[in-house]
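Each chain, letter by letter, is given below.
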Amino acid sequence: MAPSDERRAATAGSGGVQSLERAFDLLERMADAGGVIGLSELASTSGLPLPTIHRLMRTLVACGYVRQQPNRRYALGPRLIRLGESAARPLATWARPHLARLVEETGETANMALLDGDEAVYVAQVPSRHSMRMFTEVGRRAQPHATGVGKALLTQRSDTEVRALLARTGMPAATDRTLTDADALIGELAAAREAGYAVDDNEQEIGVRCIAVPVPDSPTPAAISVSGPAGRITDESTATVVPLLREVARDLAASLAANQPA
């Protein structure tokens, strides 16, 4: 079962307000579809009758959380950006001490990213103290197929979901090392799930390597990484970095869980 389906199953019959549960379910289905979807697609995936979906979507449009395009399809609306940015701030606050530990023990830049629609968005970073270091602006978005954190995030999705995402976004090459074949990426993700970590090997930027792991049981799909010059992030150093990343990811997951409302 996909993570989004697990969340829906968990809320079903929870005693909540049904219209709210249905509205949020539709928003999540829109996000899973890349942010744009038609009523018929929502009806086929949600099982709700069209009149119900239409009524809920009208309300979401009126509130600014969804907008209707000229082709009559629906897209996630701009008011969700404000909510997402506000939600990311406490995540960044809780993550920063854990990222600082990674920097302290590896000497390299540490990042945290979330999967937002079809993109990886960087929400926190603690930079390396080296003069030559990796720097990614917080708030930057990247297509996940070419980044370590993006691949780690995709390992939390099924192959079907990954292929659907790639069909929507394509696989543009950032460097001559970037994977541009869906089957090759699916194979690499399978290996990453088995190994417990993902690698960006000069795929986003020549001369830069990144080692990333997913944050287990995060309230929203998240990953953390260590990145730096390829001359310092070597195959040999990976053997040391990966266990540390996993330990920090578990500690961060516990911190996030402790700060969730009861």
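Structure: see above.
Residues numbered from 1 in each chain as written. Predicted model: local features only at pLDDT ≥ 70, side-chain atom pairs only at ≥ 80, totals over all residues. Heavy atoms only, no water.

Enquirer: Let's hear about the sheet that holds strand β3 (residues 74-76): which residues, and what values?
Expert: One open sheet accounts for three strands, arranged β1-β3-β2; its pairing is antiparallel. Each edge of the open sheet is held by one strand with a lone partner, namely β1 (36-37) and β2 (66-68). With three bridges connecting them, β2 and β3 associate as antiparallel partners. Bridge pairing in β3 places Val 66 opposite Leu 76. Contacting β1, β2 and β3, helix α2 (residues 18-32) runs over the sheet at an angle of about 90° to β3. Each of β2 and β3 touches helix α4 (residues 50-63); the most contacted strand, β2, lies at about 105° to it. (Pairing = 2+ DSSP bridges. Helix = DSSP H or I, 4+ residues; strand = E, 2+ residues; numbered from the N terminus. Contact = heavy atoms within 4.5 Å. Axes fitted to C-alpha atoms, helices over the stretch in contact; angles between N-to-C directions.)

Enquirer: Tell me about the environment of Thr 45, and name the residues and values.
Expert: Within the secondary structure, Thr 45 sits in helix α3 (residues 39-46). The exposure class of Thr 45 is partly exposed, given its relative accessible area of 43%. Here the alpha-carbon distance between Thr 45 and Leu 26, two residues 19 residues apart in the chain, equals 9.4 Å. Side-chain polar atoms of Thr 45 contact the backbone oxygen of Leu 42, separated by 3.4 Å. (Buried < 20%, exposed > 50% of the residue type's maximum accessible area, 1.4 Å probe, protein only. Polar contact = N/O pair within 3.5 Å; in protein donor to acceptor, adjacent residues only side chain to side chain.)

Enquirer: Now, about the pairing of strand β5 (residues 119-126): what can you tell me, with residues and values included?
Expert: Judged by how many residues are buried, β5 sits mostly within the fold: seven of eight residues are covered. Between strand β4 (residues 109-116) and β5, which follow one another and run antiparallel, lie two residues, and Gly 117 among them has a positive phi close to 65°. Across two bridges, β5 lies against strand β6 (residues 141-142) in antiparallel orientation. Paired with Ala 120 across the bridge in β6 is Ala 142.

Enquirer: Pulling in residues and values, what's your account of helix α7 (residues 159-169)?
Expert: Within α7 the residues assigned to the buried category are Glu 161, Val 162, Leu 165 and Leu 166. Angular distribution of buried residues about the axis of α7 spans 135°; they occupy a single face of the element. In α7, the exposed positions that point more than 90 degrees away from the buried face belong to Thr 160 and Ala 167. (Arc of directions from axis to C-beta.)

Enquirer: Which residues make up the environment of Pro 221, and what values do they have?
Expert: Assignment of secondary structure puts Pro 221 in the loop between β8 (208-214) and β9 (222-229). Assessed through its relative accessible area of 14%, Pro 221 is described here as buried. The spatial distance from the C-alpha of Pro 221 to the C-alpha of Leu 153 is 6.4 Å, given a sequence separation of 68 residues. Leaving out residues up to four positions away in the same chain, Pro 221 has contacts with Ala 113, Leu 114, Leu 115, Leu 153 and Gln 156.

Enquirer: Could you give an account of the nonpolar core, naming the residues involved and the relevant values?
Expert: Counting residues in each nonpolar core, the largest one holds 30 residues, and the members touching the most others are Leu 99, Leu 102, Met 112, Ile 224 and Leu 245. Only α5 (79-106), β4, β5, β8, β9 and α9 (235-258) provide two or more residues apiece to this core. Met 30, Ile 37, Leu 48 and Val 66 belong to the second largest nonpolar core, which has 14 residues in total. (Core = buried A, V, L, I, M, F, W, Y, C linked by side-chain atoms within 4.5 Å.)

Enquirer: Explain the pairing of β8 residue by residue, including any values.
Expert: Most of β8 sits out of view: six of its seven residues are buried. Sheet topology note: the strand β7 (residues 198-201)/β8 ladder contains four bridges and is antiparallel. Counterpart to Val 199 in the pairing with β8 is Ile 211. Two successive antiparallel strands, β7 and β8, enclose a turn made up of six residues, where Asn 202 displays a positive phi of approximately 65°.

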